[in-house]
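Structural overview
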Amino acid sequence: MLRFFFLPALVLCAFTGTSALASGAEKPQETTLLLDRMTAEPQQYGGLSGTEPKRLLVGFHYMDTHSFTGEFAELDASLRPVRVGTLQGGISPATPERSASCSFKVVFPDRIMTFSGSCEQETLSGSIRTRLTPAPLNAQLLNALSPDVSVGQYWLTKTGFRAALTPAAHSSSSELTTGATNPLTE
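Throughout, a residue's number is its position along its own chain's written sequence, starting from 1. For a predicted model such as this one, the threshold for reporting local features is a pLDDT of at least 70, and the threshold for listing and counting side-chain atom pairs is 80 or more; totals across whole chains, interfaces and linings nevertheless cover every residue. Excluded from the side-chain calculations are hydrogens and water; all other atoms, namely the structure's heavy atoms, are used.

1. Thoughts on the nonpolar core
Nonpolar side chains in soluble globular proteins tend to end up buried together. Among the nonpolar cores identified, the biggest contains 20 residues, and F72, L87, F104, F115 and L124 are the most heavily contacted of them. To qualify as a helix, a DSSP run of H or I must reach at least 4 residues; to qualify as a strand, a run of E must reach at least 2; elements of each kind are numbered from the N terminus. Looking at this core element by element, the count peaks at four residues for strand β5 (residues 100-107). For this analysis, a nonpolar core means a set of buried residues of the types Ala, Val, Leu, Ile, Met, Phe, Trp, Tyr and Cys, connected via side-chain atoms within 4.5 Å. The cut-offs for exposure are 20% and 50% of the maximum accessible area for each residue type, with area from a 1.4 Å probe on protein chains only; residues under the lower value are buried, those over the upper are exposed, and the others partly exposed.

Here it is, written out as structure tokens:
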């Protein structure tokens, strides 16, 4: 009797996971609109990956003194979007003893990326935490017991934004250095 229940449940989980990932993919026109909005944002940061020919771009505007919203894009070496999405974040004001700290989150169909660190006028830097968000029920149970999490670092600059949009801009001495202890951010 258990066999008859298990097989349909397994098939249902497989279809649910496939449709969730497929429906979350950005369409080229939506990606173009998002990148256009990003280049119009007043705050723009970006850079080139030192380990992979990938580019990270962040564009945002402040909603008030403690929060901001905008767009995030990860592009490959050919400037094709790998991952794009909207971001939401918060900032704490700087004091004479320390710089301003900020964090923002970008939610994708298959993962959540959280950026936390220091916010300066010309740079954003800190750590990236990536957590997978599996769709099938069995993967959710496994993720609850042993979460799929990776940690990396980022350093984005205002000048790195335009450099990341230049096709031949990749070099080993780039404006962005990211490192990950897990390939989830790749």
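2. Some points on the packing of aromatic side chains
For any pair of aromatic rings, the description rests on two quantities: the centre-to-centre distance and the angle between the ring planes. The aromatic pairing rule takes the rings of Phe, Tyr and Trp, using the six-membered ring of Trp, and pairs them if the centres are within 6.5 Å, calling planes under 30 degrees apart stacked, those over 60 edge-to-face and the rest tilted. Evaluation of the coordinates by the stated rule reveals nine aromatic pairs. The interplanar angle of 15 degrees and the centroid separation of 6.0 Å between the aromatic rings of Y45 and F60 together place this pair among those described as stacked. Separated by 15 residues along the polypeptide, Y45 in strand β1 (residues 43-48) and F60 in strand β2 (residues 55-62) bring together distant segments of the chain. Considered together, Y45 and F60 belong to a single accessibility category, that of buried residues. A centroid spacing of 6.0 Å and a plane angle of 80 degrees characterise the contact between Y62 and F68, whose relative ring orientation is edge-to-face. Looking at Y62, the relative accessible area reads 39%, which means it is partly exposed.

3. Considering the pairing of strand β7 (residues 123-132)
Where strand β6 (residues 111-119) and β7 come together, nine bridges link them in antiparallel fashion. Residue pairing across strands places C119 opposite L124, the latter belonging to β7. One requirement defines pairing of two strands: DSSP has to find at least two bridges between them. Linking β6 to β7, which pair antiparallel, is a turn of three residues.

4. Topic: the pattern of salt bridges
When charged atoms on two side chains of opposite charge get close, those side chains can pair. In what follows, salt bridge is the name for a side-chain nitrogen of Lys or Arg lying within 4 Å of a carboxyl oxygen of Asp or Glu. With the rule as written, the count across this model stands at five salt bridges. With its nearest N and O atoms 3.5 Å apart, the salt bridge here joins E74 to K54. With E74 in strand β3 (residues 67-75) and K54 in the loop between β1 and β2, this residue pair connects regions lying 20 residues apart in the sequence. D110 is the salt-bridge partner of R111, the closest N and O atoms lying 3.1 Å from each other.

5. Things to note about the environment of P53
As for its position among the elements, P53 is in the loop between β1 and β2. Between the C-alpha atoms of P53 and L75, which are 22 residues apart in sequence, the distance is 8.8 Å.

Limitation: the analysis is restricted to geometry and does not speak to function.
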